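Tertiary structure, described
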Amino acid sequence: MLPSSKFGTRIAGLTCGRVTKWLVVLAWAAILAVAVPMAGKLKSAESTDSTSSLPSGAQSTLVAEVADRFPGGDRISGIIVYSRDGGITADDRAKADRDRQAFARMTSTEVAPARTSQDGKALALGVSLPGDVEMEPLQKLQDQAKDGLPQGLEAHLTGSAGDRLDSLDSFKGLDGTLMLVAAGVVALLLLLTYRSPVLWMLPLIGAVVGSELANSVVYLLAKHAGLVVNGKIDSILVVLVFGAGTDYALLLIARYREELRNYADRHEAMAVAVARGGPAIIASAGTVCFGLLCLMAAQLKLNQSLGPVAAAGIVCVLLAMLTLLPALLTILGRWVFWPLVPKPGTAARTRRTVWDRIGSGVSRRPRTVWIASTLLLAALATGAFGVKSGLDFEHTYRTTPDSVTGQKVLSEHFSGGGGNPVRVVSEAGAADEVAKALRGVKGVAEVRPAQLSKDGKLAAIPTVLTDAPTSKAAEDTVDRVRDAIREVPGADAKVGNSAAATLDIARAQAHDRKVVIPLALAVVFVLLGLLLRALVAPLLLIATVVVSYFSSLGASWLLFKHVLGFPAVDDTLIIYGFIFLVTLGVDYNIFLVHRMREEVAGNPTDRGHRDGVLRSVSVTGGVITSAGAVLAATFAALAVLPLVSMTELGIMVALGVLLDTFLVRSILVPALALDTGRKFWAPSRLSARRSTPTASRPTDTLVGSGRR
């Protein structure tokens, strides 16, 4: 059962009262006075810890966790690679040596002379920097390398330092840009939806307020509860809050406009709108939150953190849309709808809408319609069979950053993994035996001298692989290395860094998909069953969102492969895309089916069921379409980020939401509801045969809060 009308009435009494509406606005002003300064600190709370992106308990994570026990282990390495096609000259060596001295001053560490490649066409200069180094020192390092290069010599910063610089640079200033793009898209679509010069501002205000509150909550969680956040999670939070928040606003405003035609007093109209529309919005948001929180069962820390971060965003924007927005609407009055001001006693429309025609068309042959719709979705889903997952380092960005170019040059002229060896950590007493075992592994090019930990108990053995650390061949070598050292008695050896971390992350993503996806489906199904007090409807609704997800994945892959030229999808896409499409798809299901239940409850006969389904399609079709368009557009805004993973996520969710909006929610679900008849509500009382209608729909009497 959805939250009771008493609960909705209490909210209405708080937000719509003639006095309390002003108190709500003042309360939000006080909240923002505290939240905005904290929200501005969210960037400073982003994790730079090397273990933050690694899976819990993996070998690479364990190696990273003991790094600070070694001298310099809390630092990251960078490699400046110089190359000349015709061969390195004396001037080139002099330039590299000048840089070496400059880097020593900049990093306050000793920098070894540059190594020369066997073909004589490249130099590699290694530097060490603090593990928490920010963008400015890295930029100075890169600028020093590129400044004053002899004619024909190229220089690139790669390694961990180069990768961090490119990552920081890719998100530099993009938080504000992404928010502006999302806000601009929402504003444009709201203008087209309402055709009012004022009304569009109110949902946007609610979304901005919800976003600031969400950022402040996430900052507190990151600062004091150990939640891991980074630029990707921040970006997802922005589009989710704007998209979902605007959806909630659209649904509430649509119900408010409907009730303004029934009530002369806008306070009463809003009270009815909140009491009747609020429970559906709360139930939808709650389902999304519980679905997102299933990510906490993941192994990867970033996946674990995305769940509570996104759920916090949903809760914060929900609070804004159910309290601040109603207060602002009742304060401003009916004129905000100008030029289409709803007046009491007027009909909502005078002509048959497109949604009436769609409903009538579906009702004539519902079985044919849902079978045809399912076949269409299944045809799109066939594209998912060819999906290749796992983006390599070269295709992480839509452009080619300096670190990627540098890694290519390094791999071409030096041993594939020479610039970024794997790190084997073992008990100090077994270091020699471990090194001996490593030398016999296929794919190992060099085993460097072991380094003892500060307490002398552990040994770290840098191991250079034949292949580039970003290659599949290097990952295969890591597996062979792990097999070889596992047999060394008393070593307790583990392999981390570079290719080992990439391998562990990929396997953790596979684990997370196997755990989180079934868990999310089970949770959403149980919640739908509790909300609707039925089994048939939840089963059908879950089936529609699953089919819609695979259709979106298939269509997206065809677009990525044949139009955008992406060689693979990022490992995060499958799990993130599923979570967002299923939870947000169920969101729209609840909006539609809640209205169906309300319409059918007054007359749960065969005829009453049919009329209720068609009525719900008619009254919710426009608002769900608008909500879907807004949500799709806000997720598509992720394409402004230079990361391929974010572009893929934005496009896939946008496509999926559009499929949900225009096909699943508007055609497939109504067709299934009509074809199954009253059994759609089984085993609830609505599924029982009744020869005569029961009491009419609930009266509009509410607690006097709306009439103060």
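Nothing here was measured: the structure is a model prediction, and the numbers come from that model.

Rules behind the numbers
All residue numbers refer to position in the chain's written sequence, counted from 1. Only residues with pLDDT of at least 70 are given local features in this predicted model, and only at 80 or more are side-chain atom pairs given and counted; all residues enter the totals for whole chains, interfaces and linings. The basis for the side-chain values is all heavy atoms of the structure; hydrogens and waters are excluded. Strands here mean DSSP runs of E at least two residues long; helices mean DSSP runs of H or I at least four residues long; both are numbered from the N terminus. For the exposure calls, accessible area comes from a 1.4 Å probe over protein chains only, and a residue counts as buried if that area is under 20% of its type's maximum, exposed if over 50%, partly exposed in between. In this description, contact between two residues means that some pair of their heavy atoms is separated by no more than 4.5 Å. Put simply, a patch holds well-exposed residues, over 30% relative accessible area, that have no salt bridge, with like charges counted together within 9 Å and Val, Leu, Ile, Met, Phe, Trp or Tyr side chains within 5 Å. For accessible areas, the Shrake-Rupley method is used with a probe of radius 1.4 Å. Any residue's cover is judged against the shown protein chains and nothing else. Take a side-chain nitrogen of Lys or Arg and a carboxyl oxygen of Asp or Glu: if they are within 4 Å of each other, that pair is a salt bridge. When the centres of two rings from Phe, Tyr and Trp lie within 6.5 Å, Trp using its six-membered ring, the rings pair. Their planes under 30 degrees apart give stacked, over 60 give edge-to-face, and anything left gives tilted. What makes a nonpolar core is a set of buried Ala, Val, Leu, Ile, Met, Phe, Trp, Tyr and Cys residues whose side-chain atoms join them at distances within 4.5 Å. Between any two strands, at least two bridges found by DSSP are needed for them to pair. Axis angles are defined between N-to-C directions and span 0 to 180 degrees, where every axis is a line fitted to C-alpha atoms and, for a helix, only to the segment in contact. Multiplying one less than the number of residues by 1.5 Å gives the expected span of a helix. Bend, in this description, refers to the angle at a residue between axes fitted to the seven residues ending there and the seven starting there. pLDDT is a residue-level measure of predictor confidence that goes from 0 to 100. Residues scored as positive are Lys and Arg, those scored as negative are Asp and Glu, and His as well as the terminal groups of each chain are ignored. Throughout, a charge is located at the NZ atom of Lys, the CZ atom of Arg, the CG atom of Asp or the CD atom of Glu. To sort the angles, those under 35 degrees are grouped as roughly parallel, those over 145 as roughly antiparallel, those from 65 to 115 as roughly perpendicular, and the leftovers as oblique. Residues are grouped as follows: nonpolar covers Ala, Val, Leu, Ile, Met, Phe, Trp, Tyr, Cys and Pro; charged covers Asp, Glu, Lys and Arg; every other residue, Gly included, is treated as polar.

**Some thoughts on the overall build of the protein chain**
In terms of helices and strands, the protein chain carries 21 helices and nine strands. Each principal axis of the C-alpha distribution contributes one length, and for the protein chain these read about 90 × 50 × 50 Å. The 708 residues of the protein chain split such that 56% are buried. Relative to all contacts within the protein chain whose residues are 6 or more apart in sequence, the contacts with residues 24 or more apart total 81%.

**Quick word on a nonpolar patch on the surface**
On the surface, a nonpolar cluster with roughly 300 Å² of combined accessible area is contributed by Val19, Leu23 and Leu26. Since its relative accessible area comes to 57%, leucine 26 is described here as exposed.

**Comments concerning the packing of aromatic side chains**
By convention here, two paired aromatic rings are described through the distance between centres and the angle between planes. Here the structure, examined in full by the defined rule, presents seven aromatic pairs. For the pair phenylalanine 560 and phenylalanine 566, a centre-to-centre distance of 5.9 Å together with 40 degrees between the ring planes defines the contact as tilted. For the residue pair phenylalanine 560 and phenylalanine 566, the accessibility class agrees, reading buried in each case. Seen in terms of ring centroids, phenylalanine 680 and tryptophan 681 are 5.1 Å apart; in terms of plane orientation they differ by 85 degrees. Their pairing is edge-to-face.

**As for the nonpolar core**
Judged by nonpolar contacts, the single largest core of 156 residues is most densely connected at Tyr248, Ile314, Leu329, Phe580, Phe635 and Leu649. By residue number, the principal contributor to this core is helix H19 (residues 571-601), which donates 18 residues. Discounting residues that sit within four places of it in the chain, isoleucine 314 has contacts with Leu240, Ala244, Tyr248, Ala285, Val288, Cys289 and Leu292. Counting residues in each nonpolar core, the second largest holds 22 residues, with Val424, Leu465, Val488 and Leu503 among its members.

**Some details on unusual backbone geometry**
A negative phi holds for most residues other than glycine; trans holds for most peptide bonds. With an omega of 10 degrees, the peptide bond between tryptophan 338 and proline 339 qualifies as cis. Residues other than glycine seldom take positive phi values, yet aspartate 492 does so here, at roughly 45 degrees. As for its placement among the helices and strands, aspartate 492 is situated in the loop between helix H16 (472-486) and strand S9 (494-496). Given the relative accessible area of 52%, aspartate 492 is considered exposed. Positive phi values are uncommon outside glycine, yet arginine 533 reaches one of about 50 degrees. Positionally, arginine 533 belongs in the loop between helix H17 (498-532) and helix H18 (536-564).

**Points about the environment of leucine 559**
Looking at the secondary structure, you find leucine 559 in helix H18. Taking the C-alpha atoms as reference points, leucine 559 and glutamate 648, 89 residues apart in sequence, are found 9.8 Å from one another. Excluding anything up to four places from it in sequence, leucine 559 contacts Leu564, Ile651 and Leu655.

**Quick word on the pairing of strand S1 (residues 75-83)**
Counting buried residues in S1 gives seven out of nine residues, a clear majority hidden from the surface. With five bridges connecting them, S1 and strand S4 (residues 154-158) associate as antiparallel partners. Pairing of isoleucine 80 across the sheet is with leucine 157, part of S4.

**Quick notes on the sheet that holds S1**
Read from one edge to the other, the open sheet built from four strands follows the order S2-S3-S1-S4, with strand pairing classed as antiparallel. Every interior strand has two partners, whereas the edge strands, strand S2 (115-116) and S4, have only one. Alignment of S1 against strand S3 (residues 122-130), held across nine bridges, turns out to be antiparallel. Residue pairing in the sheet places tyrosine 82 in a bridge with leucine 123 of S3. Lying on the sheet, helix H14 (residues 402-413) is in contact with S1, S3 and S4; it crosses S4 at an angle near 105 degrees.

**Regarding the side chain of threonine 477**
Here threonine 477 shows up in helix H16. A residue is classified by how much of its surface remains accessible, and threonine 477, at 0% relative accessible area, is buried. Ignoring sequence-local partners within four residues, the contact set of threonine 477 consists of Val441, Lys442, Gly443, Val444, Leu465 and Asp467.

**As for helix H2 (residues 20-39)**
Each full turn of the α-helix corresponds to 3.6 residues, which orients residues three or four apart in the same direction. An ideal rise of 1.5 Å per residue puts 28 Å on 20 residues; H2 measures up with 27 Å between its terminal C-alpha atoms. Roughly 30 degrees is the biggest bend found in H2, and it falls at leucine 32.

**A look at the pattern of salt bridges**
Within the structure shown, the criterion is met by 23 salt bridges. The shortest N-O distance in the salt bridge between glutamate 598 and arginine 255 comes to 2.9 Å. With glutamate 598 in helix H19 and arginine 255 in helix H9 (residues 231-260), this pair connects stretches of sequence that are 343 residues apart. An identical accessibility class is assigned to glutamate 598 and arginine 255; each is buried. Counted as one network, the salt bridges with shared partners bring together Arg255, Glu259, Arg276 and Glu598.

**Quick notes on the confidence of the model for the protein chain**
Of the residues in the protein chain, 92% have a pLDDT of 70 or more, and the chain-wide mean is 86. Here residues 1-5 is a poorly scored stretch, pLDDT under 50, and it has 13 contacts once near neighbours within four places are set aside; other chains count. Counted against residues more than four places away or in other chains, residues 691-708, with its pLDDT under 50, gives 46 contacts.

**Considering a negative patch on the surface**
The grouping of Asp68, Asp74, Asp132 and Glu134 at the surface amounts to a negative patch. One can find aspartate 68 in the loop between helix H3 (59-65) and S1.

**Things to note about the environment of serine 284**
In this fold, serine 284 is placed in helix H10 (residues 266-293). The class for serine 284 is buried, based on a relative accessible area of 0%. Sequence separation of serine 284 and glycine 456 is 172 residues, and the distance between their C-alpha atoms is 57 Å. For serine 284, the contacting residues outside a window of four places in its chain are Asp587, Ile590 and Phe591.

**Describing the packing of helix H6 (residues 159-171) against H14**
In contact at an axis separation of 8 Å, H6 and H14 are set at 155 degrees when each is read in the N-to-C sense. Compared by their axis directions, H6 and H14 come out roughly antiparallel. Contacts between H6 and H14 pair Gly162, Asp163 and Asp166 from the former with Asp402, Ser403 and Val404 from the latter. Looking at the contact of H6 with H14 residue by residue, the classes come out as one nonpolar, two polar and three charged.

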